[in-house]
Amino acid sequence: MKKLLTLALVIIGFSVNSFAQVSATATASATIVTPITIANTGNMNFGNVATSATAGTVVLTPAGTRSKTGGVTLPVTGGTISAAHFNVTGTTGYTYAITLPTTDITAAFGAFSMIINAFTSNPSATGVLAAGAQTINVGATLNVGINQAAGLYTTATPFQVTVNYN
């Protein structure tokens, strides 16, 4: 009987230990970062362009320089030439993605129109918010038709540049 009682106490001892519970605690936290923003600080302008009986293009770089192809002439009096400029702000040191238009946009003068496409930016694809801000410069290609009618061509709808944190 003594052996049986000892065996029962040993079994109970193991049973108590095998069903014991332990706990641990943890805290939760979140860091709110400055929302990323973008603001237009300058519009795109291809400047003065002369046409001919041959179609061509004007390529405006993000640096604001331009080159031509085909029958386009870039007059000495260039007019206002400017890449588009955007100011991006947010949390210092964060990287962000840049999305440029991927479809053609139309610049019109009355019944006449030209296509703007092949958008490029500096920085391209991604940027880094050094000191919480960075400027994005955007260029594109203006497709000029044969004997394009003279006039001031503008886009009816502005093009969109989108940024988001990586």
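Relevant structure appears above.
Residues numbered from 1 in each chain as written. Predicted model: local features only at pLDDT ≥ 70, side-chain atom pairs only at ≥ 80, totals over all residues. Heavy atoms only, no water.

> Please explain the packing of aromatic side chains as it appears in this structure.
To describe a pair of aromatic rings, one takes the distance between the centres and the angle between the planes. With the rule as written, the count across this model stands at 4 aromatic pairs. Judged by centre distance (6.4 Å) and plane angle (75°), the rings of F86 and F159 are edge-to-face. With a gap of 73 residues between them, F86 in strand β6 (residues 84-89) and F159 in the loop between β12 (154-155) and β13 (162-165) connect regions that are remote in the sequence. Like F159, F86 is buried. Seen in terms of ring centroids, F119 and F159 are 5.0 Å apart; in terms of plane orientation they differ by 45°. Their pairing is tilted. (Phe/Tyr/Trp six-rings, centres within 6.5 Å; stacked < 30°, edge-to-face > 60°. Helix = DSSP H or I, 4+ residues; strand = E, 2+ residues; numbered from the N terminus. Buried < 20%, exposed > 50% of the residue type's maximum accessible area, 1.4 Å probe, protein only.)

> Can you walk me through the environment of G127 in this structure?
Structurally, the position occupied by G127 is in strand β10 (residues 126-128). Among all residues touching G127, those that are not within four sequence positions of it are Y94, T95, Y96, I98 and Q134. (Contact = heavy atoms within 4.5 Å.)

> Sorry if this is basic, but what is going on with the environment of V138 here?
The topology assignment puts V138 in strand β11 (residues 133-144). Judged by relative accessible area, V138 falls into the buried class, the value being 0%. In this structure V138 touches M44, P62, A83, A84, F86, L100, F119, T120, S121, F159 and V161, once residues within four positions along its chain are discounted.

> How should the nonpolar core be read in this particular structure?
Side chains that are nonpolar tend, in soluble globular proteins, to be buried together. Counting residues in hydrophobic clusters, the biggest one holds 26 residues, and the most contacted among them are M44, F46, I116, F119, I136, V138 and F159. Where this core is concerned, the elements lending two or more residues are β3 (56-60), β6, β7 (95-99), β8 (105-109), β9 (112-122) and β11. Per-element tally for this core: the top contributor is β11, with 5 residues. (Core = buried A, V, L, I, M, F, W, Y, C linked by side-chain atoms within 4.5 Å.)

> What exactly am I supposed to notice about the side chain of T91 here?
Position of T91 relative to the elements: it lies in the loop between β6 and β7. Looking at T91, the relative accessible area reads 16%, which means it is buried. At a separation of 2.9 Å, a polar atom in the side chain of T91 contacts the main-chain amide nitrogen of T34. (Polar contact = N/O pair within 3.5 Å; in protein donor to acceptor, adjacent residues only side chain to side chain.)

> Explain the sheet that holds β13 to me, please; I cannot follow it from the model alone.
Spatial ordering of the open sheet is given by β10-β7-β13, a layout of 3 strands whose pairing is antiparallel. At either margin of the open sheet sits one strand with a lone partner, and together these are β10 and β13. Direction aside, the axes of adjacent strands within the sheet are offset by 30° on average. As paired elements, β7 and β10 share 3 bridges and run antiparallel to each other. Directly across from Y96, in β10, lies its bridge partner G127. (Pairing = 2+ DSSP bridges. Axes fitted to C-alpha atoms, helices over the stretch in contact; angles between N-to-C directions.)

> Sorry, what's going on with unusual backbone geometry here?
As a rule of thumb, non-glycine residues mostly have phi less than zero, and peptide bonds are mostly trans rather than cis. The amide bond that connects N122 to the next residue, P123, takes the cis arrangement and shows omega of 0°. Here P123 shows up in the loop between β9 and β10. You will see that A118, though not glycine, has its phi angle at about 55°, which is positive. As for its placement among the helices and strands, A118 is situated in strand β9. The class for A118 is partly exposed, based on a relative accessible area of 48%. Positive phi, normally seen in glycine, also occurs at N147, with a value near 45°. Here N147 is to be found in the loop between β11 and β12.

These results come straight from atomic positions and should not be treated as a statement about function.
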